[in-house]
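Here are the chains, one letter per residue:
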Amino acid sequence: MTYLVLYVAGIVSIWWIYRVGWLEALKTILAVLIPSILIILFNVKAGRLLFRSPVVGIISVLPTAVFIFRGSQPLVSGINNWIDKKNNDFSEMQDVVDAEVVSAEEV
């Protein structure tokens, strides 16, 4: 079952990269993965610490998910801004040729 989920996630990721481009797809994937990983890690650790069972921590994910998601948004936006900055720096470094448009009547 895990392989099926990973297979479907891989196919969806490839389709998304094809549809919007690799840069936008990377930003979207990071915006989903970072909060998800933080939520899972926090609830497993909290479950072990508070209830001595990681299963209870996973079950209690809903109340803490909202707070962790909101708290991780500055990190996600910082990473996305860094990716955009690197992309803009690269596009400014490329050679640009200025040309004037001359109509046929002026010649």
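Note that the coordinates shown come from a computational prediction; the quantities given were computed from them, not determined experimentally.

For the protein chain, the average pLDDT comes to 78, and 80% of its residues sit at 70 or higher. Put simply, helix α3 (residues 54–59) is where the protein chain has its lowest mean pLDDT, 69, and helix α1 (residues 2–20) is where it has its highest, 86.

Another point: α1. The terminal C-alpha atoms of α1 lie 27 Å apart, and with 19 residues this matches the ideal 27 Å at 1.5 Å per residue to within 8%. Immediately beyond the C-terminal end of α1, within one or two residues, lies G21, with a positive phi of roughly 100 degrees.

Our focus in this paragraph is the side chain of K27. Relative to the assigned elements, K27 resides in helix α2 (residues 22–51). K27 sits in the buried class, given a relative accessible area of 12%. Among the polar contacts listed, one links the side chain of K27 to the side chain of E24, at a separation of 3.2 Å. Once residues within four sequence positions are removed from consideration, K27 is found in contact with N80, I83 and D84.

Side chains bearing opposite charge may pair, as long as their charged atoms lie close to each other. Tallied over the full model, the rule gives two salt bridges. Residue E24 pairs with K27 through a salt bridge whose shortest N-O separation is 3.2 Å. Here E24 pairs with K27, and both are found in helix α2, just three residues apart, close to one helical turn. Overall, the relative accessible area of 39% leaves E24 in the partly exposed class. Between D84 and K27 there is a salt bridge whose closest N-O contact spans 2.8 Å. With D84 in helix α4 (residues 61–93) and K27 in helix α2, this pair connects stretches of sequence that are 57 residues apart. D84 gets classed as partly exposed once you look at its relative accessible area, which sits at 26%.

Conventions and cut-offs
- Residues numbered from 1 in each chain as written.
- Predicted model: local features only at pLDDT ≥ 70, side-chain atom pairs only at ≥ 80, totals over all residues.
- Heavy atoms only, no water.
- pLDDT = per-residue confidence, 0-100.
- Helix = DSSP H or I, 4+ residues; strand = E, 2+ residues; numbered from the N terminus.
- Expected span 1.5 Å × (residues − 1).
- Buried < 20%, exposed > 50% of the residue type's maximum accessible area, 1.4 Å probe, protein only.
- Polar contact = N/O pair within 3.5 Å; in protein donor to acceptor, adjacent residues only side chain to side chain.
- Contact = heavy atoms within 4.5 Å.
- Salt bridge = Lys/Arg side-chain N within 4 Å of Asp/Glu carboxyl O.

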